[in-house]
Amino acid sequence: MPKAFVSGCAGLALTLEERAFFRREDPWGLILFKRNVSDRDQVRALTRSFRECVGRADAPVLIDQEGGRVQRMAPPHWRAYPAAALIEAGLEPSKAEAAARLIARLIAADLIEVGITVDCAPVLDVAGEGMHAAIGNRAFSARPERVAAMGRAVAEGLLAGGVAPVIKHMPGHGRARVDSHHELPVVDAARSDLGQDFTPFAALKDLPMAMSAHLLYTAIDPQRPATMSPTVVREIMRGEIGFDGLIMSDDLSMKALKGPFDERAAAVIEAGLDIVLHCNGDLDEACGVASATPALSGASLRRADAALAAIAPPKPLDVELAERELAAIKAELGVA
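So, a few notes on the structure that sits alongside this text. (Residues numbered from 1 in each chain as written. Predicted model: local features only at pLDDT ≥ 70, side-chain atom pairs only at ≥ 80, totals over all residues. Heavy atoms only, no water.)

### A few points about helix H10 (residues 298-309)
Between its first and last C-alpha, H10 extends 17 Å over twelve residues, near the 16 Å set by a 1.5 Å rise per residue. Those residues of H10 that sit buried are Ser300, Leu301, Arg303, Ala304, Ala307 and Leu308. Taken end-on, H10 shows its buried residues confined to a sector of 160 degrees, consistent with a single buried face. Exposed residues lying more than 90 degrees from the buried face of H10 are Gly298 and Ala309. Of the surrounding secondary structure, the elements contacted by the buried residues of H10 are strand E2 (27-32), strand E7 (164-170), strand E9 (209-212), helix H7 (230-240) and strand E11 (246-251). (Helix = DSSP H or I, 4+ residues; strand = E, 2+ residues; numbered from the N terminus. Expected span 1.5 Å × (residues − 1). Buried < 20%, exposed > 50% of the residue type's maximum accessible area, 1.4 Å probe, protein only. Arc of directions from axis to C-beta. Contact = heavy atoms within 4.5 Å.)

In structure tokens:
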């Protein structure tokens, strides 16, 4: 069985050391960033070489392709897509949902063409007052019901294109006042106020995968960030939200977390998450993560298998028509 982690890589092609690492440690999947992306042929070769290393043709390859500023695959080789908040704010609700679905379907076409089968989207964080720009216009709305509706549309578009969505950042990052890439956000909201943050995740609890948030909820577990908190995982993610799909951590190399990487990985698994995510391509760090990560088994293996089973062949798409519709949407929103 593959190990319960997803790894990054350093550049546009796997090094000999990375190939040996992937063969030896057999991570469940690979995640790509802008540093790993040049053009279609290059990305296709990279995803193929990873799968050859682990010996699994269905090994998932992930990317964050939301649109707006979080778009790892960008012009001139790929289409530009508007940010989530712009779609929601610029169109009436049903039209916004149709636009989000269409955009996600086109994103899926971009991804599947180069061997990427998982998109870490949609963002289901509810925009809170004073929300840090790290989320910013990646969040659809301050209204939980609109976040849920738009997130559902994105998920439907991705799934129609043969790509599995990952809802994030469970159980909600919208109250963060600092960037978890650099420090740990602390949320002091009362427990009774947090339910609206959880609402979109509960509405989409049938989806196959989610990503956790690196933030501390003082009203739930004042000692440990959600990613490493058995209380948050058990009582909120699995309990109140009711999510029984695969949950991966956010990136372990983010500075919101402290300590050696083997200890970080062990804490994530002990908290009850299924998959450890390590993104920055630092092989020494990745070796630490791998050393503390078990092979997938039990409920986590069941969830991982179900996530892969959600990746179906793409439904037919008239790309020329979809591109015309995208151009009309962007014109109405006033974006390039």
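### Focus: the nonpolar core
In terms of nonpolar packing, the biggest core is built from 84 residues, with Leu32, Ile116, Ile167 and Met170 touching the most fellow members. Per-element accounting of this core gives the leading share, ten residues, to helix H4 (residues 93-113). Apart from the residues lying within four places of it in its own chain, the contact partners of Leu32 are Cys9, Val43, Leu46, Thr47, Val61, Leu62, Ile63, Asp64, Arg72 and Ile116. In this structure, Ile31, Met209, Met211 and Leu308 belong to the second largest nonpolar core, which totals 22 residues. (Core = buried A, V, L, I, M, F, W, Y, C linked by side-chain atoms within 4.5 Å.)

### With respect to empty space enclosed by the protein
In total, this model carries two cavities of 30 Å³ or more according to the counting rule given. Of the volumes computed, that of the largest cavity is approximately 190 Å³. Residue lining of the largest cavity: 22 residues in total, with Glu66, Gly67, Ala84, Phe140 and Val154 positioned closest to the centre. Sorting the residues of the lining of the largest cavity by element identifies strand E4 (65-67), helix H3 (84-90), H4 and helix H5 (144-160) as the ones contributing at least two each. Broken down by element, the lining of the largest cavity gets its largest block of residues, four residues, from H4. For the lining of the largest cavity, a count of residues per class yields 14 nonpolar, four polar and four charged. A volume near 30 Å³ is recorded for the second largest cavity. Among the residues making up the lining of the second largest cavity, the classes are represented as three nonpolar, four polar and two charged. (1 Å grid on protein atoms, 1.4 Å probe; cavity = no way out; pocket = protein on both sides within 12 Å on 5 of 7 lines; lining within 4 Å. Points joined across faces, edges and corners; volume = space filled by probe spheres on them. Nonpolar A, V, L, I, M, F, W, Y, C, P; charged D, E, K, R; others polar.)

### Focus on the pattern of salt bridges
Per the stated rule, a full pass over the model turns up 24 salt bridges. With its nearest N and O atoms 2.8 Å apart, the salt bridge here joins Lys168 to Asp64. With a gap of 104 residues between them, Lys168 in strand E7 and Asp64 in the loop between strand E3 (61-63) and E4 connect regions that are remote in the sequence. Both residues of the pair, Lys168 and Asp64, count as buried. Lys168 is the partner of Glu66 in a salt bridge, and the nearest nitrogen-oxygen pair spans 2.8 Å. With Glu66 in strand E4 and Lys168 in strand E7, this pair connects stretches of sequence that are 102 residues apart. (Salt bridge = Lys/Arg side-chain N within 4 Å of Asp/Glu carboxyl O.)

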